[in-house]
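Structure at a glance
Residues per chain, in single letters:
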Amino acid sequence: MKRLLGSLGLYTLLGFVPMATSLIMVPLYLGYLSVDEYGLIALVNVSQVFFVLGVSLNVDAAFARFYFDEEESASHIGKLLATCVLLVVVSSLAWAAGLATLGASVWELALPSLPFHPFAWLVLLTAAGQTLQSVLFLYFRNREEPVYALLTSLAPFLLATAFTFAAVGPLHLGAVGAVAGRAVGTAAGVLPVALFIMRGRAGAPSATLLKSLLAYSAPLLAYTILNNLLFQGDRILVERWFGLETLGRYALAAVVIAPLDVISNAAGQAITPTIYRGLSTGDGATVRRFAEGAYDSLSAGLTVLIVLAIWAFAPLLAFAGREEYAAGAIFVPVLALSQLFRVRYVCSSIPLFYFKRTAWLPFVTATSIGLGLAMAALATRYFGLIGIPAAVLAWKWSQ
C-alpha cells in the first residue's frame, strides 16, 4: 500500500501536468478574455481530443500493453518505442495533408463557431506533441523511471505555460494567442526531450510489430471515439443548444472540477502496472482485492475533494472580479458528483485491456451515450440548461 500511495502521488502530480496550463491560466483568462473567447478555447479543447485520437490511432494504449509481453528484452522495447514514434510522425504528416485539401469544409460542418484558420493547424501541432509525449511518458512509467517521466511531462508544460501567458497577457492576442502559445510550447518542449531520450534507447522500427500494434489498437478506435463523445459531448450540446457564451461559463465550471478527473486517471496509471503483473502470474483473486481496496480509498478521498470544488467556485470568481461567469456555478455540484462513477469505471475496466477483451467497450460506451442523450433531451426540455450536467451524471453512472 505504501508503494501504491507513492505511485499515486507521482502520477497525480504528472496527471495534473497536461491540464495544468488550463488551471493555472484561469485567472489570466478571466482577466483578459471575454466569455465568448473562453467558449472558443473550450471548442478548441474538444477538437483537440479528437485530433489526438486521429494522430495516435490509439497506439499509445497498444504500447502500454505490448510493453509487458517481453518486459526484460531491451531489443523488443527499443523496437516498440521506435515503431510508435515513427507512426506518430507519419500520421501527423498525413493529417496535415488532409487539412490542406479537404480540412476547411469538414471543419465548418463539425465546428461552425470555431474558425478553421488558424485554429485547425494549431490544434494539429498540439495533438502531435501531446501524442509523442504520451508514448514517451508510458515508456518511462512502465520502466518505473520517475525522473524521466517527470521531465517528459514538465518540459512541454512549462514552455506551454510561459508562451500562453505571454500571448494572452502582454501581447493581448486573445483566444488565438492562448491556443498558439500552448501549441508552440508543447511542440518545443516535447521534441528536444524526445530526441535526447531516444538516443541509445530506440531500436529500428518493425513492420511486423506495427501490424500487431494496429491490430490491437484498431478495435479500440471505436471505443475511444465513443468515449470522447461521452466526455466531450456535453460541451458540444451546450454550444449547439445554448450558444458560445453559455459554453464559456460551462467550460469554466468543468475546469474547476478537472482535478477530480486527474485523480481518477492517476489512480488508473498508478495501479495498472501492479494489476497487469498480477494478472500475468494468474493471481486474479489478489488483483481483485487490490483493485477494490484502491477504489474504496479513492472514493473516500474524492468525496472530500468534491466538497472543496463546490466551495471554491464562488471565491474564484470573486477574486477575479468577473461576475459574468457566475451563472456557471450551477454546473459545479453535478459535474463534481459524476466523478465518483468515473473512478469506479477506471478501476474496474483495466483487466479488459490486459485480456484484450476490448470488443465489449464500444457497446458499453455506446449504451452510455444513448442514455445520456436521452437524458439531455428530456431534462433540458423540462429543466433547461441544468439538464446537460444531469446527463453527464447519467452517462458516467451507466458506464
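Quick note: structure is the one above.
In this report, we go over the structure that sits alongside the text. (Residues numbered from 1 in each chain as written. Predicted model: local features only at pLDDT ≥ 70, side-chain atom pairs only at ≥ 80, totals over all residues. Heavy atoms only, no water.)

**So, the environment of Leu393**
Looking at the element boundaries, Leu393 is found in helix α14 (residues 387-398). Spatially, the C-alpha atom of Leu393 lies 33 Å from that of Ala215, the residues being 178 residues apart in sequence. Those residues in contact with Leu393, other than ones at most four positions away along the chain, are Val334, Leu337, Ser338 and Phe341. (Helix = DSSP H or I, 4+ residues; strand = E, 2+ residues; numbered from the N terminus. Contact = heavy atoms within 4.5 Å.)

**With respect to the packing of helix α8 (residues 207-242) against helix α9 (residues 244-280)**
Packing of α8 against α9 leaves a shortest axis separation of 7 Å and a crossing angle of 155°. It follows that α8 is roughly antiparallel to α9 by the angle criterion. As for the relative orientation of α8 and α9, their crossing is right-handed in sense. Packed against α8, whose contacting residues are Asp234, Arg235, Val238, Glu239 and Phe242, the element α9 presents Leu244, Thr246, Leu247, Tyr250 and Ala254 at the interface. Counted by class, the contact of α8 with α9 contains six nonpolar, one polar and three charged residues. (Axes fitted to C-alpha atoms, helices over the stretch in contact; angles between N-to-C directions. Parallel < 35°, antiparallel > 145°, perpendicular 65-115°, else oblique. Left-handed = near helix turned anticlockwise from the far one by under 90°. Nonpolar A, V, L, I, M, F, W, Y, C, P; charged D, E, K, R; others polar.)

**With respect to the packing of aromatic side chains**
This structure, assessed with the given rule, holds ten aromatic pairs. Aromatic side chains Trp107 and Phe116 sit 6.0 Å apart centroid to centroid with 80° between the ring planes, which places their arrangement in the edge-to-face category. An aromatic cluster of three or more residues is present, and its members are Phe51, Trp95, Trp107, Phe116 and Trp121. (Phe/Tyr/Trp six-rings, centres within 6.5 Å; stacked < 30°, edge-to-face > 60°.)

**Points about the nonpolar core**
Generally speaking, nonpolar side chains in soluble globular proteins are found buried as a group. Core analysis: the biggest nonpolar cluster contains 109 residues, and Phe63 and Trp107 have the highest contact counts within it. Top contributing element to this core by residue count: α9, with 16 residues. Excluding its chain neighbours within four sequence positions, the residues that come into contact with Trp107 are Ser47, Phe51, Pro112, Leu114, Pro115, Phe116, Phe119, Ala120 and Val123. (Core = buried A, V, L, I, M, F, W, Y, C linked by side-chain atoms within 4.5 Å. Buried < 20%, exposed > 50% of the residue type's maximum accessible area, 1.4 Å probe, protein only.)

**Quick word on the pattern of salt bridges**
Scanning the model with the defined rule gives three salt bridges in all. A salt bridge links Arg240 to Glu239, with the shortest nitrogen-to-oxygen separation between them at 3.4 Å. Here Glu239 falls in the buried class, since its relative accessible area comes to 10%. (Salt bridge = Lys/Arg side-chain N within 4 Å of Asp/Glu carboxyl O.)

**A closer look at the packing of helix α3 (residues 59-66) against helix α5 (residues 119-142)**
Across the interface, α3 lies against α5 with an axial gap of 9 Å and an inter-helix angle of 15°. The orientation of α3 with respect to α5, classified from their angle, is roughly parallel. When you trace α3 past α5, the crossing you get is right-handed. On α5, the residues touching Asp60, Phe63 and Ala64 of α3 are Ser134, Val135, Leu138, Tyr139, Arg141 and Asn142. Taken together, the residues that form the contact of α3 with α5 break down as five nonpolar, two polar and two charged.

**Here we look at helix α6 (residues 146-168)**
Along its 23 residues, α6 runs 32 Å from first to last C-alpha, staying within 8% of the 33 Å computed at 1.5 Å per residue. Among the residues of α6, those classed as buried are Ala149, Thr152, Ser153, Ala155, Pro156, Phe157, Ala160, Thr161, Thr164, Ala167 and Val168. (Expected span 1.5 Å × (residues − 1).)

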